[in-house]
Amino acid sequence: MASNKKVKLEEKDSVKEITTEKENQKMEKIYASFWQRLCAFIIDMFLISLVTSLITQPFIHNNNLQTLSNEVTDTLEQYQKKKIDINTYINRTVDISYDMARESGLSTIIGIALSILYFVVYQFRCNGQTIGKKLLKIRVVKKDDSNLTMNNMLFRSLIIDSILVDIIILCLSIFANKDIYFYGVGIVQFIQYLIIFVSCLIILSRKDRQGLHDMMANTEVVIA
């Protein structure tokens, strides 16, 4: 009986030690500042844009896209010289933008794929760190201290890294007509900018520095 009591007491002590250790870890958690997160975000966006532009270079410089690009310049010059009115300028711009989006569809798909590989797969494999986060010595973790999952990274990146917006715009360019594409892109981009703006305000105002995307994905960003 005495030995059983000793075992139980030892088990209780070990449970207390584990609990105390977890509490200490939580107390030691230091949240990344807004500026650290912003700098990491800018670095990551620069890197992914650079790689995407290099890979998609052969698909961008074709005759059709070059012709459409020249039309954009010509239309702007005509409007500036008052050879066409504002309505004509807008209508032509809408048509050209729609045609350019359809011509660059393959490049857009490649860009989306690269963003998923970088912000979701690579960041998950690197324990919540992108290159930008590594340079700033911060990482993404689960709010409840459990292990990050691929779903956490995917859901988070769809919201904050413009992946979902790019997918919606691609779908609009393929399946929608010119008018729906034009207004749809404007609405989607406005919502994206609004989400980023609100997330910045929330990060600045909260002690745990969670953004809107962090709340929805149950994540937070801490000092690595």
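As the structure is a prediction and not an experimental result, all values here were calculated from the model. (Residues numbered from 1 in each chain as written. Predicted model: local features only at pLDDT ≥ 70, side-chain atom pairs only at ≥ 80, totals over all residues. Heavy atoms only, no water.)

Some words on unusual backbone geometry
Its identity as a non-glycine residue notwithstanding, asparagine 127 has a phi of 60°, on the positive side. Secondary-structure assignment places asparagine 127 in the loop between helix H5 (105-125) and helix H6 (131-136). (Helix = DSSP H or I, 4+ residues; strand = E, 2+ residues; numbered from the N terminus.)

Re the confidence of the model for the protein
Of the residues in the protein, 86% reach a pLDDT of 70 or more, and the chain-wide mean stands at 86. Note that pLDDT drops below 50 for residues 18-25; the model gives that stretch zero contacts with residues more than four away or on any other chain. (pLDDT = per-residue confidence, 0-100. Contact = heavy atoms within 4.5 Å.)

Things to note about the pattern of salt bridges
One pass over the full model with this rule turns up nine salt bridges. One salt bridge connects aspartate 208 with lysine 143, and the closest N-O pair in it is separated by 2.8 Å. A residue pair is termed long-range when its members are at least 10 positions apart, and aspartate 208 in the loop between helix H9 (178-205) and helix H10 (212-217) and lysine 143 in the loop between strand S1 (138-142) and helix H7 (150-160) qualify at 65 residues. For lysine 143, a relative accessible area of 29% puts it in the partly exposed group. Two residues, arginine 156 and aspartate 214, come together in a salt bridge whose shortest N-O distance is 2.9 Å. Here the residue arginine 156 occupies a position in helix H7, and aspartate 214 occupies one in helix H10, the gap between them amounting to 58 residues. One exposure class covers both arginine 156 and aspartate 214, and it is buried. One connected set of salt bridges, linked through shared partners, spans Lys29, Lys143, Asp145, Arg206, Asp208 and Glu220. (Salt bridge = Lys/Arg side-chain N within 4 Å of Asp/Glu carboxyl O. Buried < 20%, exposed > 50% of the residue type's maximum accessible area, 1.4 Å probe, protein only.)

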